[in-house]
Amino acid sequence: MAAPRTSFAQYLLGSISLERPPFFYAYGGMWLHLMVGAILVPLLSLPFLGSLSSLLIASLSLGIVVYAVLAREYGLLINLLSYGLSLAQLTPLKADHGPLMAVAILLAMASCYLILSQQYRRYIKEVFGDEHGIPMWITGIILLVIIMLFLYGLNLVNS
């Protein structure tokens, strides 16, 4: 019987080895930020459901920033902008930041795709010894979502 292969999730989180990859800390940081934020939002008398989307994008952006620092992928630090724009939605001074929130979502989505596709290529190479990248249908769906978000952002700017 052959030894079971490492799954992509196990590879990302480093659950097979004692060395934790940057993705593990980014993922843990994202969930920690989300849990703390979910506790702080009601304590700051902010509407929970109205703040949830901003909190989710802020947590995701912070996770990407953690990954960028630990993996020395400094181009991903642009997600500091996404983090700031998301948190600006939680302030009482927010005006109509719909287009800015669309920018934050676009940055976070594109960065997530870049990270996951890079990690998937490394996983396929290390585990299977293959050079194939992420499946084309996944790339197509992500591209379609990013284009739709871009068009939504343009619609918000024009209205």
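Residues numbered from 1 in each chain as written. Predicted model: local features only at pLDDT ≥ 70, side-chain atom pairs only at ≥ 80, totals over all residues. Heavy atoms only, no water.

Trainee: For this particular structure, what's the right way to read the nonpolar core?
Mentor: In a soluble, globular protein the nonpolar side chains are often hidden away together inside. Core analysis: the biggest nonpolar cluster contains nine residues, these being L12, F23, A26, I64, Y67, A68, L76, C112 and I115. Broken down by secondary-structure element, the contributors of at least two residues to this core are α2 (22–43), α3 (48–70) and α5 (98–128). In terms of residue count, the dominant contributor to this core is α3 (three residues). When neighbours within four sequence positions are excluded, I64 is seen to be in contact with L76, N79, A108, S111, C112 and I115. (Core = buried A, V, L, I, M, F, W, Y, C linked by side-chain atoms within 4.5 Å. Buried < 20%, exposed > 50% of the residue type's maximum accessible area, 1.4 Å probe, protein only. Helix = DSSP H or I, 4+ residues; strand = E, 2+ residues; numbered from the N terminus. Contact = heavy atoms within 4.5 Å.)

Trainee: Help me understand a nonpolar patch on the surface in this model?
Mentor: A grouping of Y27, W31, L32, M35, V36, I39, L40, L43 and L44 is seen on the molecular surface, where their side chains present a nonpolar patch of about 930 Å² in accessible area. Mapped onto the fold, Y27 is located in helix α2. Y27 gets classed as partly exposed once you look at its relative accessible area, which sits at 36%. (Patch = residues over 30% accessible without salt bridge, like charges linked within 9 Å, V, L, I, M, F, W, Y side chains within 5 Å. Areas by Shrake-Rupley, 256 points an atom, 1.4 Å probe, with all protein chains shown as cover. Salt bridge = Lys/Arg side-chain N within 4 Å of Asp/Glu carboxyl O.)

Trainee: I would appreciate a short explanation of the packing of aromatic side chains in the present structure.
Mentor: Aromatic ring pairs are described here by two measures, namely the spacing of the ring centres and the angle between the planes. Tallying each qualifying case throughout the model produces four aromatic pairs. Here the aromatic rings of F24 and Y25 are separated by 5.2 Å at their centres, their planes lie at 80°, and the arrangement is edge-to-face. A relative accessible area of 31% places F24 in the partly exposed class. Judged by its relative accessible area of 43%, Y25 falls in the partly exposed class. A ring pair is formed by Y120 and Y123, whose centres lie 6.1 Å apart and whose planes are at 45°; its orientation type is tilted. Highlighted residues: Y120 and Y123, both in helix α5, separated by three residues, approximately one helical turn. By relative accessible area, which is 22% here, Y120 ends up partly exposed. One aromatic cluster in this structure is built from F23, Y27 and W31. (Phe/Tyr/Trp six-rings, centres within 6.5 Å; stacked < 30°, edge-to-face > 60°.)

Trainee: Teacher, can you tell me more about α3 here?
Mentor: Between the first and last C-alpha of α3 there are 31 Å, a value that for 23 residues agrees with the 33 Å anticipated at 1.5 Å per step. The largest bend along α3 reaches roughly 25° and is located at S54. Listing the buried residues of α3 in full gives S51, S54, L55, I57, A58, S59, S61, G63, I64, V65, Y67 and A68. One or two steps after α3, the chain reaches R72, where phi turns positive at roughly 55°. (Expected span 1.5 Å × (residues − 1). Bend = angle between axes of the 7 residues up to and from the residue.)

Trainee: Would you mind showing me how to read helix α4 (residues 79–88) here?
Mentor: Residues spaced three or four apart along an α-helix point in a common direction, a consequence of the helix completing one turn every 3.6 residues. Within α4, the full set of buried residues consists of N79, S82, L85 and S86. Here the buried residues of α4 occupy an arc of 110° about the axis, which is enough to place them on one side. (Arc of directions from axis to C-beta.)

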